[in-house]
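Working through the structure, step by step
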Amino acid sequence: MIIFVILAYVAVQIAIAAWAARDTKSDADYLVAGRKLGTFAVAMSVFATWFASETVIATSSEVAAFGMAGARIEPFAFGLGILVLGLFVAGKLRAGGHITLADYLGTKFGPRTEALSALTIAASGTMWAGAQLYALATIISASSGISFELALGASTAIVLTYTLLGGLVGDVVTDVIQGIILIIGMGILLVLIVVAAGGWGAAVSSIPAERWRFSGEDETWLDQIDIWIIPIIGSIVSQEAISRTLGAKSVSVARNGAIIGSLIYMAVGLLPVAFGLFGPHLGITLGEGDEFLPSLARELFPPWLYVVFTGALLSAILSSVDSALLAVSAVATETGYRRLKPDMSAAESLRAARATTVLAGLLALGIAASGESLRQIVIDAVSINGIIAVPLVMALAGMYKTRLPVAAITIVVQLLALLWMQWHLELSGAFIYTMGLGLAVYGVLYGVDRALIRKPQVTGQGSAVP
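Residues numbered from 1 in each chain as written. Predicted model: local features only at pLDDT ≥ 70, side-chain atom pairs only at ≥ 80, totals over all residues. Heavy atoms only, no water.

With that settled, the discussion passes to the overall build of the protein chain. Across its full length, the protein chain carries 20 helices and two strands. Scaling as 2.2 N^0.38, a compact globule of 466 residues should have a C-alpha radius of gyration of about 23 Å, and the protein chain matches this with 23 Å. Here the C-alpha coordinates of the protein chain stretch approximately 95 × 55 × 40 Å along the principal axes. For the protein chain, the residues scored as buried account for 57% of the 466 residues in total. (Helix = DSSP H or I, 4+ residues; strand = E, 2+ residues; numbered from the N terminus. Rg over C-alpha atoms; globule rule 2.2 N^0.38 Å. Buried < 20%, exposed > 50% of the residue type's maximum accessible area, 1.4 Å probe, protein only.)

This is the structure in structure tokens:
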């Protein structure tokens, strides 16, 4: 009965998304909501997109295991990243009328940089979608008792249906609904936790002093910087979040919507932190790892409220995985297919966008079935996407007019370095080293390029001309 009601709840969300997207006729309608979003819609959509499975499930379990050290990535670091996106990036990208971040970088650095950026965005988005599918399957399996494998297959089918029918505009409409329901549900859960603990004072006093520390045991200073810098940089260059601001109806709406969304995200993100701090001291049997939050809700909620809360959580995950698949679809369609067939019709571009959505969903299914932890999949995705941060910063700073393929070389060097240091050597601080290397490579090549431009050319008569 529980799984039936949950699926019925999700079916209603899909129906609402399909109704909202009934006028979708082009890739712009499908990928950036026809650029019609207001400030409230952008803010709630940014919040709902970033308030993903790992914000609720992974953060609560990590805080339960490690105290406040488990809250650094989310909500704080990711929230700060979205705030920076709103303050310095969203408005400039929206002013250019772009559909993807790769599109923007292509206008500054050329087609090679656009293609490389699109590849990194597609790889990151597919991994992010895999993480959300993993979380969706975990919740469905825990709620219904069916196997994780069967739940994963069902999750993929649900997600693809939701994304194909709704696109971004359908997702934004359901974001507002499920965001409000999720906030209310988590607020009620916090009240039940405090009551079970014997009141607010008893709940707070039950927390050992060492669990308030923001650093983990045996962490080097590089480890601590890495934990903060990866989510912040990854958020700034996230196509999933950027697509929300690109769907805004004006530059100011894009900027303000992202800023407000980041503040909502960090405020609401304190609720999973509270779950992780208070939950382990209630004297009830709770699951470990990613099972912590589902088991906590199951123990404290009455069945009907547990169903509503789980349905809202599933909807939040749908929003995140939808955003990831649309990010992959956007760069594949706009940077790939449109370059091969620039004269395609609006209907054909929409079909291409939907076809790449299906392909990305199937690849994400394979990633979700790999067995990695939810948090690790997310961090890997954000790390890969972070390598385009250096070209983005240089483009925003006006340092992009070059003859040499400076940005493209920088991206390739960073990608190879990250793969070698993080996944082969498993080096502490690999992402920081990669960012430093990227800045150094770009700076040197840019300096060489400037020198070549300024160097006078000698004519046949021996006179110099600029």
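That was the structure; now back to the text.
Counting residues in hydrophobic clusters, the biggest one holds 139 residues, and the most contacted among them are Leu101, Phe275, Leu293 and Leu296. At 17 residues, the largest contribution of residues to this core is made by helix H15 (residues 303–340). Apart from residues lying up to four places away in sequence, leucine 296 is in contact with Ile193, Phe275, Gly279, Leu282, Ile284 and Leu286. (Core = buried A, V, L, I, M, F, W, Y, C linked by side-chain atoms within 4.5 Å. Contact = heavy atoms within 4.5 Å.)

Moving on to the pattern of salt bridges. Across all of its chains, the model carries three salt bridges by this definition. Between arginine 72 and glutamate 219 there is a salt bridge, with the nearest N and O atoms lying 2.8 Å from each other. Placement of arginine 72 in helix H5 (residues 72–95) and of glutamate 219 in the loop between helix H9 (200–205) and helix H10 (221–236) is noted, with a sequence separation of 147 residues between them. The exposure class assigned to arginine 72 is buried, which follows from its relative accessible area of 4%. Glutamate 219 sits in the partly exposed class, given a relative accessible area of 23%. (Salt bridge = Lys/Arg side-chain N within 4 Å of Asp/Glu carboxyl O.)

All chains considered together, the criterion is met by 10 aromatic pairs. A ring pair is formed by phenylalanine 51 and tyrosine 265, whose centres lie 6.1 Å apart and whose planes are at 80 degrees; its orientation type is edge-to-face. Remark: tyrosine 265 occurs in helix H12 (residues 251–268) and phenylalanine 51 occurs in the loop between helix H3 (39–50) and helix H4 (53–66); sequence separation between them is 214 residues. When its relative accessible area of 1% is taken as the criterion, tyrosine 265 is described as buried. Cation over ring: arginine 22 sits above tryptophan 19, and NZ or CZ is 4.2 Å from the ring centre. (Phe/Tyr/Trp six-rings, centres within 6.5 Å; stacked < 30°, edge-to-face > 60°. Lys NZ or Arg CZ within 6 Å of the ring centre and 35° of its normal.)

With that out of the way, let us pick up the environment of lysine 108. Take lysine 108: it is sitting in helix H6 (residues 101–109). Separated by 141 residues in sequence, lysine 108 and lysine 249 have C-alpha atoms that sit 23 Å apart. Among residues more than four places away in sequence, those in contact with lysine 108 are Ala395 and Tyr400.

Okay, helix H18 (residues 389–396) next. Counting buried residues in H18 gives six out of eight residues, a clear majority hidden from the surface. Looking at H18, one finds that the buried residues are Ala389, Val390, Pro391, Leu392, Met394 and Ala395. Immediately downstream of H18, the backbone of glycine 398 shows phi near 85 degrees, a positive value.

Let us look at the confidence of the model for the protein chain. Detailed reading of the predicted coordinates is not advisable wherever pLDDT falls low. Mean pLDDT over the protein chain stands at 87; residues scoring 70 or higher make up 96%. Looking across the protein chain, the model is least confident in strand E2 (residues 464–465), with a mean pLDDT of 48, and most confident in helix H13 (residues 270–278), with 96. A low-confidence stretch, residues 461–466 stays under pLDDT 50, and its non-local contacts, those more than four residues away or across chains, total seven contacts. (pLDDT = per-residue confidence, 0-100.)

Any two packed helices are characterised by how steeply their axes cross, that is the angle between the axes, and by the distance between the axes. One way to put it is that H3 packs onto helix H8 (residues 148–197) with a least axis distance of 9 Å and a crossing angle of 65 degrees. The hand of the H3/H8 crossing is left-handed. Contact with H3, carried on its side by Phe40, Ala41, Met44, Ser45, Phe47, Ala48 and Thr49, involves Val172, Asp175, Val176, Gln178, Gly179, Ile180 and Ile183 of H8 and no other residues of that element. Taken together, the residues that form the contact of H3 with H8 break down as nine nonpolar, four polar and one charged. (Axes fitted to C-alpha atoms, helices over the stretch in contact; angles between N-to-C directions. Left-handed = near helix turned anticlockwise from the far one by under 90°. Nonpolar A, V, L, I, M, F, W, Y, C, P; charged D, E, K, R; others polar.)

Now for the environment of alanine 18. Here alanine 18 shows up in helix H1 (residues 2–20). Taking C-alpha positions, alanine 18 is 13 Å from aspartate 175, a pair spaced 157 residues apart along the chain. Residues within four places of alanine 18 in sequence aside, it is in contact with Leu165 and Gly166.

Here the focus is unusual backbone geometry. In this model, glutamate 74 is joined to proline 75 through a cis peptide bond whose omega is 15 degrees. Not every positive phi belongs to a glycine, and glutamate 426 is a case in point at roughly 50 degrees. Looking at the secondary structure, you find glutamate 426 in the loop between helix H19 (406–424) and helix H20 (430–454). What makes glutamate 426 exposed here is its relative accessible area of 66%.

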